[in-house]
Every structure is written in structure tokens, then in C-alpha cells.
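# Close look at the chain arrangement
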Amino acid sequence: MDVGISARLERISTGGRYLVVPMDHGITLGPVKGLVDLETTVDAITRGGADAVLTQKGVARRVHPKKNGKGYIVHLNGSTVIGPDSNDKRLTGSVEEALRAGADAVSFHMNVGSEHEPEQMTQLGELTEKAHRYGVPVLAMNYARGDDIDPHDPENLAHAVRLAEELGADVVKTAYSGDPDSFERVCEATRLPVVIAGGSRGTDRQTIEMVRGAMDGGAAGVSMGRSIFQHDDPESITRAVSAVIHDDADAETALREAGLGIEA
Ligand SMILES: CC(=O)[C@@H](O)[C@H](O)C[C@H](N)C(=O)O
Ligand SMILES: O=CC(=O)COP(=O)(O)O
């Protein structure tokens, strides 16, 4: 692997494990809880043990002073839930802009199975070529989404993560399939580190058990947004997620040591 790519991957991970907190939802969902005062949230989650935060380019200046030396990823496409088709993610920036914004890596969202898959596949292929010219790693966010597509089906997820490797990505994020055994089949589909999205926020216990299950299935960590940044105490929930990812804690230990209720 190119030395620049491996050096930058180390800035967004710890010992090959990834706790990335994406906060690009300001385009998708608008200024939801946790993103209005972005600075306070970034400060809390990086103090809690996140390896990296991820945003769109425009808010980079609000992120850097508050990220406590942790990694930074710039996301390069987007859509809104009020637009005609939220699966139709359009390019929002370039590798050069991401580098000017101080990024250690770039990310790109692809909806495998949607009618926009062909264009997004071309764009991801072009992005990995461009990013690698600069030694910049690419996190592919490859979801199985589209009409009549089951977004948690392990075969669909395995296909989505494999596609990311075939197109040259360095890390791939996808949805969790629901249990460690089926997620193991997803992770076996690729040699890339696989990280999971969190989806809409559940209870603390659901969040931490999902992370534990994914790690037991072979995941390398998370790219988990709403479950963390919409939490009343983002620092503590990050601490609990970090205990599972970085210290291999079980769910109860992680919740207890983070000061979160076991049944919460
Ligand atoms: C709002 C959602 O359904 C998320 O899964 C997004 O699609 C993922 C991403 N972080 C985004 O906001 O684009
Ligand atoms: O960029 C978005 C993600 O990686 C996942 O966000 P979520 O809120 O955890 O689904």
C-alpha cells in the first residue's frame, strides 16, 4: 500500500480499529440535534475517544479547532430527504478541496441497487483514482438501498462491500445485518476493513450491542453518526463505543464504565 495512504489511515484509526463519527447529516436531514452547535459536539466526541470526525467541506473551519488532534474526513456527495430522491447523491466537492480543508481522508456514499448505482459506481471509481494520486484514502459508504432492496440482507451487504474493494476503496462502511453470524459473511466478502453505520438512534443498550455484534462478526469498527451525535451525552456514548472497539469490552462493561445505565 502507498505510504501516504497508510500514514493517513493511521490518523483516522487506532491499531487498525475505526471509531469514525460522521456528521454530514446537515445536508441530508438539516440542522438536527447535535449538529446545530457542531463545535460542542465535535469537542465531546473527540474527548470521548473517536478516532476521526467526518463532515462536508463547508464546516471544516468549525471542526478543526475542536477536534482535539483527531482525524478528519471530508465527505464528497450528498442529497436531502426533502428532495425528489434521497438515493440520488450528487457530488459536493473534490479531493483537492478536501485536502485544502485539511482532510486526512475522503468519503463517498453509494446506494448499491438504486437507479443511481451506475453513475455512483463511475464516480467512486474515478474518486479512488484521483484520491490515490495524492495518497489520500477513500472511505466508501456502500449501502444496499433502492426499490425492493432489503438494506440489511447479508447477501446484498456482501455485494456492496465487495464492490467497494473492486473499485479501489480503502475502508468500507455498510449497514449491520443484525447478528454476528450473518455479518461475518459480509466481512468475509472483502479484504477491506468493514465498519458499520448506526442508523437512527436506539437505546444505549441497542447501540452498544449492535457494535459488539458487528465486532464479533469481524468488523473493524464503526462510522456511527446519529446514535452518537444525537445522544444527550455524546462524550459518554462515544466512550462506551470506544471501549468495545478499542478495548474489546463486552456491552455491559462498556456501558457501566462510561457511566451509562445498563438498561438505558
Ligand atoms: C439519513 C440516513 O438515512 C443516513 O443513513 C444517511 O443516508 C447516511 C449519511 N450519513 C448521509 O446523511 O448522507
Ligand atoms: O455518513 C453517515 C454514516 O456513516 C452513518 O450515519 P448513521 O447516522 O450512523 O446512520
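Residues numbered from 1 in each chain as written. Chains lettered and ligands numbered in written order. Predicted model: local features only at pLDDT ≥ 70, side-chain atom pairs only at ≥ 80, totals over all residues. Heavy atoms only, no water.

- In the nomenclature of an unreviewed UniProt entry, the chain corresponds to 2-amino-3,7-dideoxy-D-threo-hept-6-ulosonate synthase from the organism Halogeometricum limi.
- Quoted verbatim from the Subunit (unreviewed entry) heading of the UniProt record, the comment on the chain is "Homodecamer."
- One UniProt comment on the chain, placed under Catalytic activity (unreviewed entry), says "1-deoxy-D-threo-hexo-2,5-diulose 6-phosphate + L-aspartate 4-semialdehyde = 2,3-dioxopropyl phosphate + 2-amino-2,3,7-trideoxy-D-lyxo-hept-6-ulosonate". (UniProt positions renumbered as here; feature names shortened; annotations may be inferred.)

### Let's talk about the site of ligand 2
- Lining the immediate surroundings of ligand 2 are 13 residues, of which Lys173, Gly199, Ser223, Gly225 and Arg226 lie closest.
- Contact between ligand 2 and Ser223: an oxygen atom at 2.8 Å from a side-chain N or O atom of the residue.
- In the complex, the protein chains occlude 96% of the 300 Å² of accessible area that ligand 2 would expose alone.
- Within the shell around ligand 2, the residues separate by chemical class into 5 nonpolar, 5 polar and 3 charged. (Near = heavy atom within 4 Å. Polar contact = N/O pair within 3.5 Å; in protein donor to acceptor, adjacent residues only side chain to side chain. Areas by Shrake-Rupley, 256 points an atom, 1.4 Å probe, with all protein chains shown as cover. Nonpolar A, V, L, I, M, F, W, Y, C, P; charged D, E, K, R; others polar.)

### Things to note about the UniProt feature "binding site: 1-deoxy-D-threo-hexo-2,5-diulose 6-phosphate" (unreviewed entry) in the chain
- Listed under "binding site: 1-deoxy-D-threo-hexo-2,5-diulose 6-phosphate" (unreviewed entry) in the UniProt record, and renumbered for this structure, are Asp24, His25, Gly26, Ile27, Thr28, Tyr143, Ala144, Arg145, Gly198, Gly199, Gly225 and Arg226.
- Relative to the elements of secondary structure, Ile27 occurs in helix H2 (residues 25-28).
- Residues contacting Ile27, with those up to four places away along its chain left out, are Gln56, Gly78, Ser79, Thr80 and Thr92.
- On the secondary structure map, Gly198 appears in the loop between strand S9 (194-196) and helix H9 (204-216). (Helix = DSSP H or I, 4+ residues; strand = E, 2+ residues; numbered from the N terminus. Contact = heavy atoms within 4.5 Å.)

### Considering a nonpolar patch on the surface
- The grouping of Leu29, Val81 and Ile82 at the surface amounts to a nonpolar patch, some 310 Å² of accessible area in total.
- Checked against the element boundaries, Val81 lands in the loop between strand S4 (77-78) and strand S5 (90-91). (Patch = residues over 30% accessible without salt bridge, like charges linked within 9 Å, V, L, I, M, F, W, Y side chains within 5 Å. Salt bridge = Lys/Arg side-chain N within 4 Å of Asp/Glu carboxyl O.)

### Here's the deal with the sheet that holds strand S6 (residues 105-112)
- Overall, parallel pairing links the 8 strands, which are arranged S1-S2-S3-S6-S7-S8-S9-S10 in a closed barrel. This sheet shows a mean twist of 30 degrees between the axes of neighbouring strands, independent of strand direction.
- Judged from the 3 bridges that link them, strand S1 (residues 18-22) and strand S2 (residues 52-55) form a sheet pairing that is parallel. Counterpart to Val20 in the pairing with S2 is Ala52.
- Sheet strands in contact with helix H6 (residues 117-133) are S6 and strand S7 (138-144), and its direction is about 160 degrees off that of S6. (Pairing = 2+ DSSP bridges. Axes fitted to C-alpha atoms, helices over the stretch in contact; angles between N-to-C directions.)

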